[in-house]
Amino acid sequence: MHPFEDLAAAMTRRHFLAGSGLSLGSAALASLLGSQAHAGGSPRPSGGLPGLPHFAPKAKRAIYLHMNGGPSQIDLFDYKPKMNDWFDKDLPESVRKGQRLTTMTSGQSRFPIAPSKYKFARHGKAGTWVSELLPWTARIVDEIALVKTVWTEAINHDPAVTYICTGNQLPGRPSLGSWLSYGLGSLNENLPAFVVMTPSWSSKVDAQALYNRLWGSGCLPTQYQGVALRAKGDPVLFLSNPGGVDAQARRRVLDAVSRLNHHEFETLADPETQARIAQYEMAFRMQTSVPELTDISNEPRHILELYGPDVHRPGSFARSCLLARRLAERNVRFTQIFHRGWDQHGNMAGDLPAQCKDVDQATYALIVDLRQRGLLDDTLVIWGGEFGRTIYCQGKLTRDNYGRDHHPKCFPIWMAGGGIKPGIVHGETDDFSYNVVSNPVHIHDVNATILHCLGIDHRRLSVKFQGLDLRLTGVEEHHPVKAILA
Amino acid sequence: MALGLAFWVALGLASAGHRPAVADPPRPGASHPRPVDFAREIRPILAENCFACHGPDDRARKAKLRLDVKEGALAALGSGDRAVVPGKPDDSTLVFRVESDDAELLMPPKASGKQLAPDQKALLRRWVSEGAKWSSHWAFDPPRKADPPAVKNATWGRSPLDRFILARLEAEGLSPSPEADRETLIRRVTFDLTGLPPTIEDVDRFLADRAPGAYERAVDRLLESPRYGEHMARYWLDAARYGDTHGLHLDNYREMWPYRDWVVRAFNRNQPFDRFLIEQLAGDLLPNPTLDQLVATGFNRCHVSTSEGGSIEEEVYVRNVVDQVDTNGTVLLGLTTGCARCHDHKYDPIRMKDYYQLFAFFNNIDGPALDGNSAKWAPIAAVPTIKDRLAIVAADAEIAALKRTLEDETAKLAARAPLAAEPAESEIPARADYVWIDDAAPRGANPQGDSPWQFVSRPDYPVKSGSGALKLTAQGRMQRFFETAAAKLVIGEGDALFAHVYIDPIHPPKEIMLQWHTREGWMRRAYWGENRIDWGKDQSVERLRMGDLPPTGEWARLEIPCARLALAPGSVIDGWAFTQFDGTAYWDAAGLRTWTPQPEQKYASFAAWIRARKADKGAGLSDPDKAILALERSKRTADQVRSLYAQYLRTGSAKTAAALEPIVAKLKAAEAKRKALDDQVATTLVFRERSGEPKQAYMLKRGEYDQRGDKVGRAIPAFLPPLPAGAPVNRLGFAEWLTAPNHPLTARVAVNRLWQQFFGVGLVKTAEDFGAQGEPPSHPELLDFLAVDFREHGWNIKRLVRTLVTSAAYRQSAKITPERLAKDPANRLVSRGPRFRLDAEMLRDQALAVSGLLVESVGGPSVKPPQPPGLWEAVGYSGSNTAHFQPDAGPAKVHRRSVYTFWKRTAPPPQMSTFDAPSRESCQVRRERTNTPLQALLLLNEEQYMEAARGLARRAWAEGGSTAEDRLVYMFRLATGRRPDSSEATELGRTLRDLLDHYRTRSAEARQVAGEGSPGDPCNFAAWTLLGNAVLNLDCVITRG
């Protein structure tokens, strides 16, 4: 007989806690937290700030498709036919007006105009101009509000992307998603409120970097940071049990931890202990809910075909879009997909089509799929990068190929779904897609608009930070873009 | 089933703790027995709600009303009214406006988003009724050391500190908690002083020591542990934003760990805090600074940096300095100076000009703004280890000895080959034959061909030069060639290749060909005679016809202009081939006609050597010799000529250089070794002033780098004491000012951070903000008492730490009663012992320690314990040298304490960031403590925690006794420092039994859990391992109670 058997026998004579061999699990937990439990039905947010949302939201959740690197507006959305006559002519100083340039082109002796080589056509009832590189997006122009006149102050990637994602060019501030999860709480207790995906891309390998801070919580507690949903390994870090530990063994360990922690709580009465018991149960539930989320085997064929062949490749943008829809179905508050590789300083003709091919059909599919499920009405979808690109060429210029440097003064972002007026184009740029002619929209206005759609007055969502009421949209006055609001 | 829980939001106090701070300190009950305290109760209301429009910022001020100073509040307004009329609330417009029902009149206005609570309005009214007593902002007055207050319970308390705590508790109708039990106490203090749990021996020793002062003795022992410095450093490194990468864009590796090690050492040797600050702020400006003092200045170099393509240097430069100013503001002054970058501070009396005057102190670094993506971003200091130093001394000695030998030998040569005997030749560079192949292939070449190279000599054969000629007799196509010459030919402008050939008159070849080998391979050929050899593309540089065969029976010179072979200047030839079709020819004296000096070239005369050195601008010469070379010949002194001549004899003379070559070669090797030693020595970023006038600083409008306003100099904000008399107006003076006795902030801010470290929350909860927007102290007199006491006792950190941890307040039990929870929910009154979850580093270090895995070596380069693959790759730029994570191997690296873990700032280690460790991209003086399911997943499943569970099982088996019960108790003690009570033991035992049952029938799974080399039966060991896994997840293990 194992020496342990004696001990076990002795122990059965004693009385421990409830004394039964039953799993404590969720049933006991429900009673433990009885006052907060509620039945199914429409989800109610948990967490979040009192008083939020500030007003009835049009969107309950959002999906942000971030095109990292600075997509060329001139080759995608901002049609400038007059530029064909300006091929290889110098950008007039009257247009540039001494605008500061990155040091990648500030040393160029001239700034020759590179007209887009791509054909544009009008699409939809709205007659929105879209380039031939985005044939699928062209089919959903009546669902989207295209803002052509977003602008920023930053002219290099790291500060610019940090700026649009966190409202500040310097590291240390909370990201958009962490603000939403802090302010609005979660609609699904089995999944994170803020999920991030970083799919693969098809242009050159040297794509601009991302930074965890883009989905970080900055000065907010780390529970609000974005959780990466990974294509390889555990979809959520450390989700899987170690080798040799099955669900039964894990449950047995968790029961022990639960009972002992309960005992600890009875002794010391620290509410943190109680919270920890609940978090361990949630961790256990995540071990089921996350694989269920990422398992697309039950998606019908016509849906997979909608997203295009890439959907079969884990880690593709198409797969990420499909998962974004599944996350929306599960009421995850905010999903952000960072697609890299949009930094075309050269080889526009080679790399830009490849990038567009990555995202075009899947983006279309996401909108259509959300629409057909009735989810688009209360899901906000955002598409855009951190800045635009210059009309003048960087490097070698031919009719068929060229490069473009960073351009902060105008670039497009489009939105669709909950809270957005569909089928409109907002703002106009000059003939050179260089300056805004009408309706400038600062990136803080974009973020104010996103918050607005989710029922948040951006001026009133703040946290004390270094003596300031820190807001996502900064200290200056900014406004949601009323013209694109439904 | 659904639970209506915040998924990421901790229950209870963790989330409540993050609400806006001002209302947080416990307020006295409704009866309000004391007069209103302006500093603690009124000023925060005014600051939060009024200062934005009625505060220090002149430009933002409305109605000319200023409420941050007494004169402003009492002054007559334009209307004739006064905001505050002491004793007359009904005459005070302030009271009227905040109480107004009229939305037009109500203050603060709705648009501000602010709203006063009814009790706040009542407080304002009462304050005015009581005479509107005013005091300046508490934090800007120097701390005064008050006598500890009188208390009712004279038996409780061990130090003056406790009297302050107790007096407040008594005032709130609370009593202190009893002292924690001894196991809890020793675990608490061991964690707090070393970041590690006590060993069972530590606990037993403490329990056995029943003599008075046992606890104090344990504290003293812990303070002497080298683990203490590692633990204390960790908090400082958060504030200093230390990381192992640059933090922006490429986020390349930054070599900075010597600074981290300096911080560890500074705490371990208990460097006084004032010196600690002075050396970090201005170590370089101290007289004859030591290397340690230079390393310390890394504090102001820890900020993130970039070299992103396209960056504008000045913009980045300003950001760097701004980070320095803001971090110093937060860490040293507890002020949000950053607010004044774009405008006057809205709450504190920091003007925009003050900001740029502080900026000016840091505005003079001797290094580039962009980091160049280099680990060694100047200015840097080399930080050799003792081993490095010994090797360097030895290498220097070897170099010196070789130089002496060389000089002696040169003198001997000079005596034999006197300068006077040199021919008088011109020094103007002139084109001449440089013979590359004569009697032998060049050095390093590998002569080969269809048969061995055969040099024949006079008198039986023709020889053009030297002692022999290369004879080549061919049948069909044959050749002699080499292609790996170490001494290469370098083509200059207008040069021509040449060779001499003697065509045998009896058996002339049909064709002769020369070929040359370059980096492109054998792609250059020239031939004479018939076109028999079909290599290369005809009529191109690959096969160029130069003419007919030269005359037979005499030496002929073949010359091929390099331009015809498309060999551009700078091209390098390292191989040559003599080729012919049939017949016999003799080849001799081949090379390059050039004035470009050739590698390893030797010269027939001093003047020829001078010509060459003039041509290559003195390549290989020392700077003084270069200067001499540049002089006209007639202007050189005899000594100068001798210096050049010695160099010629050593390295340039065809006659003598060979004799000295071995010594010269040894010297070169020794110098190369020395350089390699330099390269392997670690470096660290330091601060150093530029020489000359300091860089001019300017006001920057709206904080923009390119919007310069007025010039500003270095100065201290007027609301703080001036620079001490005689202090230099630079960073050193700034540091001396900070640590001057009359400074109101430095000591308070430092003491508060230490209090926060040991008690979980600071006396001022907003450790980063002591200004008007920060939270007033819960125990202002105590904070002042500790601050003054700290300064008066030589800024002695260990003494202060000892004061804190030996106090009765610290030693209380953490047990929460309903009464305490109601009256002191967040324990801000310290009515019980501090209890909180361990920080990320402590959690991991504990797991490694209790499982017996921890490797306790101190210092050195950061290490990379395993992490899930793909985390760096998901974000990294492929060109970054931290784009791909490669874990270290071996316990000596992966089982080190977490303070040594490599910190990539754009993707910090998840074992750290999941538990609230900051990214280290910016300064952080206070970590949140969250409670999330991701943390549970990490502790349950992460590789090293699983490894620790195995280690725990192994120790329980090896050391825990012979029965399961003993082993189980031992395992629990290892992790918690105490024995399980009976119900805990029962639960652990039952869990073990169930796990044994589980694995008994699952041997394959058991082997996976047990891992390789597990002791005994894998099924058994797997069950114990999972029990260890459970133990490491217990609340009482991951919390320090």
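These numbers come from a predicted model, not from an experiment. All residue numbers refer to positions counted from 1 along the written sequence of the respective chain. Chains and ligands are labelled by the order in which they are written, letters from A for the one and numbers from 1 for the other. Where totals are concerned, whole chains, interfaces and linings use all residues; where local detail is concerned, this predicted model gives features only for residues with pLDDT of at least 70, and gives and counts side-chain atom pairs only at 80 or more.

Chemist: Is there a simple way to explain the overall build of chain A in this structure?
Modeler: Numbering of helices and strands starts at the N terminus; helices are DSSP runs of H or I of at least 4 residues and strands are runs of E of at least 2. Broken down by element type, chain A carries 13 helices and 17 strands. Its C-alpha atoms give chain A a radius of gyration of 26 Å, near enough to 23 Å, the size a compact globule of 486 residues would have. Dimensions of chain A, computed from C-alpha atoms along their principal axes, come out at roughly 95 × 50 × 45 Å. Exposure criterion: with C-beta atoms placed from backbone coordinates, a residue whose C-beta has 20 or more other C-beta atoms within 10 Å is buried, one with 12 or fewer is exposed, and one in between is partly exposed. For chain A, the proportion of its 486 residues judged to be buried stands at 61%. Considering only residue pairs separated by 6 or more positions, chain A has 78% of its internal contacts joining residues 24 or more positions apart. Note that the radius of gyration is over C-alpha atoms, with the globule rule given as 2.2 Å times the number of residues to the power 0.38. Residue pairs are scored as contacts if the distance between their C-beta atoms, which are placed from the backbone, is within 7 Å.

Chemist: For this particular structure, what's the right way to read the overall build of chain B?
Modeler: Across its full length, chain B carries 36 helices and 18 strands. Computed over its C-alpha atoms, the radius of gyration of chain B comes to 40 Å, more than 25% above the 31 Å expected for a compact globule of 1041 residues. C-alpha atoms of chain B, sized along the principal axes, occupy 130 × 85 × 60 Å. Expressed as a percentage of contacts within chain B between residues at least 6 apart in sequence, the contacts between residues at least 24 apart total 69%.

Chemist: What is the right way to look at the environment of Lys58(A) in this model?
Modeler: All names here are of chain A. By the secondary structure assignment, Lys58 is in the loop between helix 2 (25-32) and strand 1 (61-67). Classification of Lys58 as partly exposed rests on a count of 19 C-beta atoms within 10 Å. Spatially, the C-alpha atom of Lys58 lies 6.2 Å from that of Leu454, the residues being 396 residues apart in sequence. When neighbours within four sequence positions are excluded, Lys58 is seen to be in contact with Asp378, Gly418, Gly419, Cys453 and Ala486.

Chemist: It is not clear to me how the interface of chain A and chain B should be interpreted in this structure. Could you clarify?
Modeler: Contact with chain A, which involves 99 residues of that partner, is made by 107 residues of chain B. Sorting the residues of the side of chain A that touches chain B by element identifies helix 1 (3-12), helix 2, helix 6 (157-166), strand 6 (227-228), helix 8 (247-268) and helix 9 (271-294) of chain A as the ones contributing at least two each.

Chemist: Honestly, the packing of helix 11 (residues 317-329) of chain A against helix 12 (residues 348-372) of chain A in this entry has me stumped. Any pointers?
Modeler: The axes of two packed helices give the description: the angle between them and the distance between them. All names here are of chain A. Orientation is described by lines fitted to C-alpha atoms, with helices fitted over the stretch in contact, and by angles between N-to-C directions that extend from 0 to 180 degrees. Where helix 11 contacts helix 12, the two axes come as close as 8 Å, and the packing angle between them is 20°. With respect to their mutual orientation, helix 11 and helix 12 come out roughly parallel. Note that helix 11 runs across helix 12; the crossing there is right-handed. Listed contacts from helix 12 to Phe317, Ala318, Cys321, Ala324, Arg325 and Ala328 of helix 11 are Asp358, Val359, Ala362, Thr363, Ala365, Leu366, Asp369 and Leu370. Looking at the contact of helix 11 with helix 12 residue by residue, the class counts come to 10 nonpolar, 1 polar and 3 charged. An angle below 35 degrees is read as roughly parallel, one above 145 as roughly antiparallel, one from 65 to 115 as roughly perpendicular, and any other as oblique. Each crossing gets its handedness from the near helix: less than a right angle anticlockwise from the far helix is left-handed, clockwise is right-handed. Residues were grouped as follows: Ala, Val, Leu, Ile, Met, Phe, Trp, Tyr, Cys and Pro as nonpolar; Asp, Glu, Lys and Arg as charged; and all remaining residues, including Gly, as polar.

Chemist: So what exactly am I meant to see when it comes to the pairing of strand 7 (residues 496-503) of chain B here?
Modeler: Each regular strand carries side chains that alternate between the two faces of the sheet. Residue and element names in this part refer to chain B. Burial runs high along strand 7: 6 of the 8 residues are buried. What makes two strands pair is DSSP finding at least two bridges between them. Note: strand 7 against strand 11 (residues 555-561), 7 bridges, orientation antiparallel. Looking at the pairing, Ala496 lines up with Pro561 of strand 11.

Chemist: What should I look at first to understand the environment of Ala275(A) in this one?
Modeler: Turning to its location among the elements, Ala275(A) is positioned in helix 9. It is 25 Å that separates the C-alpha atoms of Ala275(A) and Trp215(A), two residues lying 60 residues apart in sequence.

Chemist: Just checking my understanding: could you explain the domain arrangement of chain B for this structure?
Modeler: Frequently, the measure chosen for interface size is the accessible area that the parts lose on association. Where each domain starts and ends comes from a domain assignment, either automatic or drawn from a database. The domains assigned to chain B are domain 1 (36-132), domain 2 (399-427 + 607-679), domain 3 (432-594) and domain 4 (941-1040). Computed over C-alpha atoms only, the centres of domain 3 of chain B and domain 4 of chain B are separated by 81 Å.

Chemist: Teacher, can you tell me more about the domain arrangement of chain A here?
Modeler: Residue and element names in this part refer to chain A. By domain assignment, chain A separates into domain 1 (52-232 + 314-484) and domain 2 (237-300). Computed from C-alpha atoms alone, the centre-to-centre distance between domain 1 and domain 2 is 37 Å. Taken together, the 8 residues of domain 1 in the interface contact 8 residues of domain 2. In the side of domain 1 that touches domain 2, the residues fall into 4 nonpolar, 1 polar and 3 charged.

Chemist: Mind showing me how you'd approach unusual backbone geometry here?
Modeler: Residues and elements named next belong to chain B. Cis geometry marks the peptide bond from Ala378 to Pro379; its omega dihedral reads -5°. Pro459 follows Arg458 through a cis peptide bond whose omega is 0°. Looking at where Pro459 falls in the secondary structure, it is placed in the loop between strand 4 (455-456) and strand 5 (469-482). Of note, the phi angle at Asp916 is positive, near 75°, even though the residue is not glycine. Positionally, Asp916 belongs in the loop between helix 29 (910-913) and helix 30 (933-941).

Chemist: Can you walk me through helix 9 of chain A in this structure?
Modeler: Residues and elements named next belong to chain A. Helix span is expected to be 1.5 Å times the residue number reduced by one. A rise of 1.5 Å per residue sets the reference length of helix 9, with its 24 residues, at 34 Å; its end C-alpha atoms lie 34 Å apart and thus fit the reference within 8%. To get the bend at a given residue, fit one axis to the seven residues ending there, fit another to the seven starting there, and take the angle between those axes. The largest bend along helix 9 reaches roughly 30° and is located at Met286. Most of helix 9 sits out of view: 17 of its 24 residues are buried.

Chemist: How should the nonpolar core be read in this particular structure?
Modeler: Nonpolar side chains in soluble globular proteins generally cluster together in the buried interior. What we call a nonpolar core is a set of buried Ala, Val, Leu, Ile, Met, Phe, Trp, Tyr and Cys residues whose membership is set by joining through C-beta atoms within 7 Å. Met415(A) and Leu952(B) are the most contacted members of the largest nonpolar core, which has 203 residues in total. In this structure Met415(A) touches Ile144(A), Ala145(A), Leu380(A), Val381(A), Ile382(A), Ile420(A) and Ile484(A), once residues within four positions along its chain are discounted. Core analysis: the second largest hydrophobic core is formed by 120 residues, Ala139(B), Val189(B), Trp257(B) and Ile380(B) among them.

Chemist: Help me out: how do you make sense of the environment of Ala448(A) in this one?
Modeler: Residues and elements named next belong to chain A. Take Ala448: it is sitting in helix 13 (residues 443-453). Accessibility expressed as a C-beta count within 10 Å gives 24 for Ala448, which makes it buried. Each C-alpha atom of the pair Ala448 and Trp86 lies 37 Å from the other, and the pair is 362 residues apart in sequence. Those residues in contact with Ala448 that lie beyond four places of it in its chain are His458, Thr473, His478, His479 and Pro480.

Chemist: Help me out: how do you make sense of the packing of helix 8 of chain A against helix 35 (residues 1018-1031) of chain B in this one?
Modeler: Two elements in contact, helix 8 of chain A and helix 35 of chain B, have axes separated by 9 Å at closest approach and are oriented at 45°. Considering the angle they form, helix 8 of chain A stands oblique to helix 35 of chain B. Remark: the crossing between helix 8 of chain A and helix 35 of chain B carries right-handed chirality. Within the contact between the two elements, helix 8 of chain A uses Ala249(A), Val253(A), Ala256(A) and Val257(A) and helix 35 of chain B uses Leu1026(B), Asn1029(B) and Ala1030(B). By residue class, the composition of the contact of helix 8 of chain A with helix 35 of chain B is 6 nonpolar, 1 polar and no charged.

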